[in-house]
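Architecture at a glance
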Amino acid sequence: MAALGRASSLLSLLALLLVPAAGAGGARWRGEGTSPHLRSIFLGRCAEYSSLLSPELRDKNCTAIWEAFKVVLDKDPCSVFPSDYELFISLSRHSIPRDKSLFWENNHLLVTSYAENARRFMPLCDVLYGRIGDFLSWCRQENASGLDYRSCPTSEDCENNPVDSYWKMASMQYSRDSTGVIHVMLNGSEPKGAYPVKGFFADFEIPYLQKDKITRIEIWVMHEIGRPKVESCGEGSVKILEERLEKMGFQYRCINDHLPVKLLMCVDHSTHPDCALNSAVTSTRREAPPLCAEHGASLFIPFLVVLASVIQP
Amino acid sequence: MADHRFRPVSGEKPCCDISKKARICLCVVFGLLVVVIIAVVVGIVMWRQPPQHQEWKGAGTTAHFYEIILGRCYTYTQIVRPELGHKDCQKIGKAFTNAFLSKDPCGSTEQDYQPLMELTNQTVPCDKTLLWSKTNELVHEYAWVQRELFTLENTLLGYMGDGLRWCGDLGSSEMNYQSCPDRRKDCSNNSVSVFWNTVSKRFAEDACGVVHVLLNGSVHNTFDERSTFARVEVFNLHPEKVHTLQAWVMQDIRNISSDSCSDASIKNLKLILSKRNITFTCEDNYRPIRFLQCVKYPEHSSCRSKI
């Protein structure tokens, strides 16, 4: 597969020399090219996840999972749909421990640090089908068989590209398999807004949450140390998310700068005034009033205000 | 009474019309045939069975060992540290397994790992080496956040071997998945221990500038002379390159007792280093790593009272 890919990419390189280059440096697409040694990385990660991290997954057949995945490597890079990964997902899916799901937007590294290799939480990248594809890229060449190692399409090039379709399918499955308390970590310092109204979480995760299996949703809006607080709970896009969840009938809670995660961020900024622990302790909370006691909310909210003023110095 | 033979009574019918002698002969031949057939079958079964590995007291080679190290090599050289993208992972994988396959798993030597060492040479920047002893989880959580620091497990070889077990057998070219020598109960010169001694030695030899070490102030032997840190790493730091070893001694956040830098074993470490002309400094409950501990126990008083 790799040798064929190299031969084909050599040919396509020659073709590019004869034909005027499309974009900067002649790359056809905007995204990173296929990861070299894709198959080895894939099989290695699958084997490692199955045997080291989760002994109960020992029955996973990594070769079969690869065979199911690689069908997309023969398809036109702009005609790969989430459904093309159905067999791959069905072979690699496994249960997610209750209350351990962690969704996120715009804070990949922080999430992986906090999740502690699936010990504390299990975000998508700590699930088998998430671990396998994490940080990888893949696509067939546009007009030839063989992998394109120079570039691969992003959503700006075309919607139905191999990598985006993979993550859409993975996200949907992850949502479907999440139970108990659902956690969401958002970046309140992201200039474009903490909750992207069009994004993986909004379009491919929220709609697939199983209401009957979920107790409540906890939103953490984290602000980067030393960066502006663009949005907090109840503001801007976060408010849009809260309203959406409420409309869908979910119990939710929003916390600014959830303390354990804040402490993790402080590891890197231990001398910053934001990491003076007195101020790191306080957090403001917004809660959806219990659905069954709407008239009780008239007492509940003033109570919260009193409580909040007692906690804050 | 006359001695005469008894003839079968007319009511009985003789079987197969054969004499008794012939019948006995047939039974013996038949019995021999059965024995021969059984022997042949057993022989075939035994011949087809893989040669039995030796039995040891430790856990066997990790399942899918080869795929795991190959996958890790590629992940490391293509994604984690792409500046090492030129490394040949196929060659590295082969050199790794050649170091222990078909060899006595209790007779492993540094030389066995030399070809592998040569293929995986890597420079760690000065002041960025982070050693550790009895702080496995904490040190790697810290290195994940502080990405410019390197523990041994953040180098290519350390990354590849981390958490795995492996051994072979003199009589076979296969990995022994059933058992591998336990360091204490079987032998100390086993394939895995020799690997870690070899790579730790090189890791220490290559260090320069200020070297850090994360120690556990909550165990009774904070600086343990039997640890790899003591036996291998301390003794292979080069005084011409490494001028200071700084220790961060972390105590369990739920049980902070007295100042651990004045612990007797730490004084011992200081003595050893001063004899080697390396300055030793020590910090108790280093603040950034204290934050890391607080992540687990955010409500703890020592996480609140600090300013």
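So, how was this worked out
Residues numbered from 1 in each chain as written. Chains lettered and ligands numbered in written order. Predicted model: local features only at pLDDT ≥ 70, side-chain atom pairs only at ≥ 80, totals over all residues. Heavy atoms only, no water. UniProt positions renumbered as here; feature names shortened; annotations may be inferred. Helix = DSSP H or I, 4+ residues; strand = E, 2+ residues; numbered from the N terminus. Contact = heavy atoms within 4.5 Å. Areas by Shrake-Rupley, 256 points an atom, 1.4 Å probe, with all protein chains shown as cover. Lys, Arg positive; Asp, Glu negative; His and termini not counted. Charge placed at Lys NZ, Arg CZ, Asp CG, Glu CD. Pairing = 2+ DSSP bridges. Axes fitted to C-alpha atoms, helices over the stretch in contact; angles between N-to-C directions. Core = buried A, V, L, I, M, F, W, Y, C linked by side-chain atoms within 4.5 Å. Buried < 20%, exposed > 50% of the residue type's maximum accessible area, 1.4 Å probe, protein only. Buried area = accessible area lost by both parts, 1.4 Å probe. Salt bridge = Lys/Arg side-chain N within 4 Å of Asp/Glu carboxyl O. Polar contact = N/O pair within 3.5 Å; in protein donor to acceptor, adjacent residues only side chain to side chain. Nonpolar A, V, L, I, M, F, W, Y, C, P; charged D, E, K, R; others polar. Disulfide = S-S within 2.5 Å. Left-handed = near helix turned anticlockwise from the far one by under 90°. Parallel < 35°, antiparallel > 145°, perpendicular 65-115°, else oblique. Phe/Tyr/Trp six-rings, centres within 6.5 Å; stacked < 30°, edge-to-face > 60°. Lys NZ or Arg CZ within 6 Å of the ring centre and 35° of its normal. Right-handed = clockwise from strand over helix to strand, strands pointing away. pLDDT = per-residue confidence, 0-100.

Going by an unreviewed UniProt entry, chain B carries the name ADP-ribosyl cyclase/cyclic ADP-ribose hydrolase 1 and comes from Panthera pardus. What UniProt states about chain B under its Subcellular location (unreviewed entry) heading is, verbatim, "Membrane". Note on chain B: under the UniProt heading Catalytic activity (unreviewed entry), the record states "NAD(+) + H2O = ADP-D-ribose + nicotinamide + H(+)".

For chain A, an unreviewed UniProt entry supplies the name ADP-ribosyl cyclase/cyclic ADP-ribose hydrolase and the organism Panthera pardus. The UniProt entry for chain A carries the following comment under Sequence similarities (unreviewed entry): "Belongs to the ADP-ribosyl cyclase family."

What to know about the overall build of chain B
Helix and strand counts for chain B come out as eleven helices and six strands. Taking contacts inside chain B between residues at least 6 apart in sequence as the whole, the part at least 24 apart equals 80%. Here chain B has roughly 17,000 Å² of accessible surface; of this, 56% comes from carbon and sulfur atoms. Chain B carries 36 positive and 33 negative side-chain charges, and their two centres are separated by 5 Å.

Considering the sheet that holds strand β6 (residues 279-284) of chain B
Hydrogen bonds along the backbone pair up the strands of a sheet, which may run parallel or antiparallel. Residues and elements named next belong to chain B. The four strands are arranged β2-β4-β5-β6 in an open sheet whose pairing can be described as parallel. Looking at the sheet topology across the chains shown, the edges are occupied by β2 (130-133) and β6. When the angles between neighbouring strand axes are averaged without regard to direction, this sheet yields 20°. In the sheet, strand β5 (residues 242-250) pairs with β6 via six bridges, with the strands oriented parallel. Paired with L245 across the strands is F280, a residue of β6. The sheet strands contacting helix α8 (residues 228-236) are β2, β4 (209-216) and β5, and the helix crosses β2 at an angle near 155°.

Some remarks on the nonpolar core
Looking at soluble globular proteins, one finds that nonpolar side chains tend to be buried together. Counting residues in each nonpolar core, the largest one holds 114 residues, and the members touching the most others are F69(A), F88(A), W138(A), I217(A), F96(B) and W166(B). With eight residues, helix α2 (residues 65-80) of chain B is the largest single contributor of residues to this core. Sequence-distant contacts of I217(A), defined by excluding residues within four places in its chain, comprise I182(A), V184(A), L209(A), L245(A), F250(A), Q251(A), Y252(A) and R253(A). One finds M222(A), V261(A), V145(B) and M250(B) within the second-largest nonpolar core, a separate group that totals 36 residues.

Things to note about the interface of chain B and chain A
Across the boundary between the two partners, chain B contributes 34 residues, which contact 33 residues of chain A. Counting each side, the surface lost to burial between chain B and chain A is near 2,800 Å², with a carbon and sulfur contribution of 66%. Taken as a group, Y74(B), F291(B) and V295(B) account for 21% of the area that chain B buries against chain A, more than any other trio of residues on that side. Across the chain B-chain A interface, the total number found is two salt bridges. Residue R72(B) pairs with E48(A) through a salt bridge whose shortest N-O separation is 2.6 Å. Seen at the junction of chain B and chain A, the total is six residue pairs in polar contact (both at pLDDT 80 or more). In terms of residue class, the side of chain B that touches chain A is made up of 17 nonpolar, seven polar and ten charged.

Describing the state of the cysteines
This model, assessed by the stated rule, comprises eleven disulfides over all chains. Here C139(A) pairs with C152(A) through a disulfide, and the sulfurs are 2.0 Å apart. The chirality of the disulfide connecting C139(A) with C152(A) is left-handed, given an S-S dihedral of about -90°. Placement of C139(A) in the loop between α6 (128-133) and β4 (151-152) and of C152(A) in strand β4 is noted, with a sequence separation of 13 residues between them. The side chain of C126(B) participates in a disulfide bridge whose partner is C208(B); the two sulfur atoms lie 1.8 Å from each other. On the S-S bond that ties C126(B) to C208(B), the torsion sits near -110°, and the link is left-handed.

Side note on the packing of helix α7 (residues 191-205) of chain B against α8(B)
All names here are of chain B. Put simply, α7 and α8 touch, their axes get as near as 7 Å, and they point 40° apart. By crossing handedness, the relation of α7 to α8 is classed as right-handed. In this structure, α7 uses N197, S200, K201, F203, A204 and E205 to contact α8, whose residues at the interface are T228, R231, V232, E233 and N236. Taken together, the residues that form the contact of α7 with α8 break down as three nonpolar, four polar and four charged.

Some details on the packing of helix α5 (residues 108-115) of chain A against helix α10 (residues 259-266) of chain A
Residue and element names in this part refer to chain A. Where α5 meets α10, the axes come as close as 11 Å, and the angle between the chain directions of the two elements is 110°. As summarised for this structure, α5 and α10 are arranged roughly perpendicular, according to the angle between their axes. Taking contact as the criterion, the partners of L110, S113 and Y114 in α5 are, on α10, P260, V261, L264 and M265. Here the contact of α5 with α10 is composed, by residue class, of six nonpolar, one polar and no charged.

What to know about the packing of aromatic side chains
Considering all chains together, one arrives at 34 aromatic pairs over all chains under this definition. Geometrically, the ring pair formed by F121(A) and W220(A) is edge-to-face, given 5.8 Å between the ring centres and 80° between the ring planes. On the criterion of sequence distance, the pair formed by F121(A) in the loop between α5 and β3 (122-123) and W220(A) in strand β6 (residues 214-222) is long-range, its members being 99 residues apart. Judged by its relative accessible area of 9%, F121(A) falls in the buried class. We classify W220(A) as buried; its relative accessible area is 1%. Aromatic pair Y142(B) and W248(B): ring centres 6.0 Å apart, planes at 90°, arrangement edge-to-face. Residue Y142(B) is found in helix α5 (residues 136-145), and its partner W248(B) is found in strand β5; the two are separated by 106 residues along the sequence. We note that Y142(B), like W248(B), is buried. An aromatic cluster of at least three residues, connected via ring pairs, comprises F42(A), W66(A), F69(A), Y85(A), F88(A), W138(A), Y166(A) and W167(A). Lying across the ring of W144(B), R147(B) places its NZ or CZ 4.3 Å from the centre.

Thoughts on the pairing of strand β5 (residues 180-187) of chain A
Residue and element names in this part refer to chain A. For β5, the tally of buried residues reaches eight of eight residues, placing the bulk of the element in the interior. One ladder, built from eight bridges, connects β5 with β6; its direction is parallel. Bridging from a neighbouring strand, I182 pairs with I217 of β6. After leaving β5, the chain enters helix α8 (residues 200-205) and then returns to the sheet as β6, a path that is right-handed.

Here's the deal with the confidence of the model for chain A
Residue and element names in this part refer to chain A. On average, residues of chain A score 84 in pLDDT, and 80% of them reach the 70 mark or higher. Contacts from residues 7-24, a stretch scored under 50 in pLDDT, to residues over four places away or in other chains number ten contacts. In the predicted structure, residues 289-306 sits below a pLDDT of 50 and forms eight contacts with residues beyond four places in sequence or in another chain.

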